[in-house]
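Overview (structure and organization)
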Amino acid sequence: MSITPLMPVYPRCGVRPVRGEHCHLIDEDGTRYLDFASGIAVNLLGHSHQGLIGAIQQQAATLMHVSNLYGSPQGEGLARRLVEKTFADTVFFTNSGAEAVECAIKTARAYHQHEGDLTRFELITFKNAFHGRTMATISASNQEKMHHGFSPLLTGFKYAEFDDLESARALIGPHTAGFLVEPIQGEGGIRPASEAFMRGLRELADQHDLMLVLDEVQCGVARTGTLYAYEQYGIEPDILATAKGIGGGFPLGACLATEKAARGMKIGTHGSTYGGNPLAMAAGNAVLDTVANDEFLERVRETGARLRARLEQFIGNYPELFELVRGAGLMLGIKMKSDSRAFYAHLRDNHQLLTVAAGDNTLRVLPPLIVGDTEIDEFFDKLSAGAASYTPPAA
Ligand SMILES: *Cc1c(COP(=O)(O)O)cnc(C)c1O
């Protein structure tokens, strides 16, 4: 038998973390890594955050799980907070990002179909998007590397060019139910949509009675300096998927919707055994306690602006390696002139700096949102040493 006990779907590297402290991860052999990946935009309070630990410990000792057949004071509490802080009127809790997007897709279809209009089931999505790994969410992405081996895909998705309003408009037809878009593409390479594009999608949705569905699984929850990224575009969606950072490391996601958009989500139409269980709600509340206030968000914006300014200055020293910096808040990407995966591995293995590679030759810089100047200085020490000692792979 040669298969590994963990199904070999990930290209796992030699870093094997067993402990976390604030912005650092400690490997099983004791090596310390600076963590500017945050479990891919998940650990927004860093590691070993006392408020989050305390909330989970206390809830674990009180009540961990009950069925959604019972009333949920814990779920109502967190849902009410999200409703107060966002465009939404109602929330469905999930255990992951893909499940949140899945619920968003079902909600958009049900909006049109619950009164018998079965013809409107198609979502217009965007090239190089990432929405998760379930059958519906891989079908929602045009990326063939995620499709290979899993056909047939689900029908009902059309792929437009990202950040190209005319391309989206051209795909609207009698079957269109809505748009599904990441305001800032994460896996696709930290590519922010323009304001004109996002506002244009909102207008098209209003004109054609379409659902505007945002996938803020990566860019949401204070990452970009507002609780959700849509706030910075001056628009509101009908439906939004959130996850990753919202549990601070505890598996939690949610599908947020307006009352109108959720009109098809009636009793018996959807469900989840674990979704919204008290332990997850305690984690979500602890995260919101810390991040959902103007002071914290302002700090993310300021820290993000400082980090970005220093990154822009830094890449000027290596014009042969780096092309530009893009993103918002503490969701930043450095577009490279060669494969970013090779540089990511170099930083990781030779300088104990953890970042994340993404599409479009982009290196993602996603520190915990509680990052301070000390860690940012350490980051630039490692990044500078890494760039100086780096030879890009031969093209
Ligand atoms: C990570 C991600 C997902 C999927 O989340 P999972 O928790 O891995 O299922 C969906 N959409 C976006 C934009 C993501 O970054």
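Computed from a predicted model, the values in this text were never measured in an experiment.

1. Digging into the overall build of the protein
For the protein, the helix and strand inventory stands at twelve helices and 17 strands. Across its three principal axes, the protein shows a C-alpha extent of roughly 65 × 55 × 55 Å. For the protein, the proportion of its 395 residues judged to be buried stands at 53%. Here the contacts in the protein between residues at least 6 apart in sequence split such that 71% fall between residues at least 24 apart. Surface summary for the protein: the accessible area is close to 17,500 Å², and the carbon and sulfur share equals 52%. The average position of the 35 basic charges and that of the 46 acidic charges among the side chains of the protein differ by 3 Å.

2. Focus on the environment of Leu297
For Leu297, the location among the structural elements is in helix α10 (residues 294-315). Relative accessible area serves as the criterion here: at 10%, Leu297 is assigned to the buried category. Considered as a pair, Leu297 and Thr391 are 94 residues apart in the sequence and their alpha carbons are 38 Å apart. Discounting chain neighbours no more than four positions away, the residues touching Leu297 are Ala222, Gly225, Thr226, Leu227 and Val291.

3. Side note on the packing of aromatic side chains
Applying the stated criterion to the full structure yields twelve aromatic pairs. Both rings, one in Phe36 and one in Phe379, keep their centres 4.6 Å apart while their planes meet at 10°; by these two values the pair is stacked. You can see Phe36 sitting in the loop between β3 (32-35) and α1 (38-41) and its partner Phe379 sitting in helix α12 (residues 373-388), a full 343 residues away along the chain. Residue classification places Phe36 among the buried residues on the basis of a relative accessible area of 0%. Phe379 gets classed as buried once you look at its relative accessible area, which sits at 0%. Ring geometry for Phe343 against Tyr390: centres 4.8 Å apart, planes inclined by 65°, an arrangement best described as edge-to-face. Here the residue Phe343 occupies a position in helix α11 (residues 340-351), and Tyr390 occupies one in the segment after α12, the gap between them amounting to 47 residues. Accessibility classification places Phe343 together with Tyr390 in one group, the buried group. One residue, Arg263, lies across the ring of Tyr111, its end atom 3.8 Å from the ring centre.

4. Things to note about the nonpolar core
Ranked by internal contacts, the top residues of the largest apolar core, which has 89 residues, are Phe126, Phe179, Val291, Phe322 and Phe379. When residues are assigned to domains, this core turns out to be shared by domain 1 (17-49 + 294-388) and domain 2 (63-291), each giving three or more. If we ignore the near neighbours within four places in the chain, the residues touching Phe126 are Asn142, Ala160, Glu161, Phe162, Ala168, Phe179, Leu180, Val181, Gln185, Phe197 and Leu201. If you look at the next biggest cluster of nonpolar residues, it comprises 23 residues, including Tyr111, Leu123, Ala140 and Ala261.

5. Some points on the site of the ligand
Taken together, Ser96, Gly97, Ala98, Phe130, His131, Gly132, Glu182, Asp215, Val217, Gln218 and Lys244 make up all the residues around the ligand. Taking Gly97, its main chain carries an N or O atom lying 2.8 Å from an oxygen atom of the ligand. Between the ligand and the protein, one listed contact pairs a nitrogen atom with a side-chain N or O atom of Asp215 at 2.7 Å. For the ligand, the protein covers 81% of the area, taking 380 Å² as the surface of the free molecule. For the shell around the ligand, the class distribution of residues is three nonpolar, five polar and three charged.

6. So, the packing of helix α3 (residues 73-85) against helix α9 (residues 278-291)
Contact geometry of α3 with α9 gives a least axis separation of 9 Å together with a crossing angle of 30°. Regarding the angle of α3 to α9, the classification is roughly parallel. Where α3 crosses over α9, the two elements pack in a sense that is left-handed. Touching Gln74, Gly75, Leu78, Arg81 and Leu82 of α3 are Pro278, Met281, Gly284, Asn285, Leu288 and Asp289, all from α9.

7. Structural notes on the sheet that holds strand β15 (residues 353-354)
Strand order across the open sheet formed by four strands is β1-β2-β3-β15, with mixed pairing between neighbours. Single-partner strands in this sheet number two, and they are β1 (17-21) and β15. The pairing of β3 with β15 spans two bridges and is classified as parallel. Bridge assignment links Leu34 to a residue of β15, and that residue is Leu353. Strands in contact with α12 are β2 (24-27), β3 and β15; relative to β3, the strand with the most contacts, it is inclined by about 110°.

8. Let's talk about unusual backbone geometry
Residues Ser151 and Pro152 are joined by a peptide bond in cis, for which omega reads 0°. Considering the arrangement of structural elements, one finds Pro152 in the loop between α6 (144-147) and β6 (157-160). Here the phi dihedral of Ile190 falls at roughly 50°; this positive angle occurs in a residue that is not glycine. Look at Ile190 and you get buried, because its relative accessible area is 0%.

About the cut-offs
Residues numbered from 1 in each chain as written. Predicted model: local features only at pLDDT ≥ 70, side-chain atom pairs only at ≥ 80, totals over all residues. Heavy atoms only, no water. Helix = DSSP H or I, 4+ residues; strand = E, 2+ residues; numbered from the N terminus. Buried < 20%, exposed > 50% of the residue type's maximum accessible area, 1.4 Å probe, protein only. Contact = heavy atoms within 4.5 Å. Areas by Shrake-Rupley, 256 points an atom, 1.4 Å probe, with all protein chains shown as cover. Lys, Arg positive; Asp, Glu negative; His and termini not counted. Charge placed at Lys NZ, Arg CZ, Asp CG, Glu CD. Phe/Tyr/Trp six-rings, centres within 6.5 Å; stacked < 30°, edge-to-face > 60°. Lys NZ or Arg CZ within 6 Å of the ring centre and 35° of its normal. Core = buried A, V, L, I, M, F, W, Y, C linked by side-chain atoms within 4.5 Å. Domains from an automatic or database assignment. Near = heavy atom within 4 Å. Polar contact = N/O pair within 3.5 Å; in protein donor to acceptor, adjacent residues only side chain to side chain. Nonpolar A, V, L, I, M, F, W, Y, C, P; charged D, E, K, R; others polar. Axes fitted to C-alpha atoms, helices over the stretch in contact; angles between N-to-C directions. Parallel < 35°, antiparallel > 145°, perpendicular 65-115°, else oblique. Left-handed = near helix turned anticlockwise from the far one by under 90°. Pairing = 2+ DSSP bridges.

Fair warning: the whole summary comes from geometry, so function is off the table for now.
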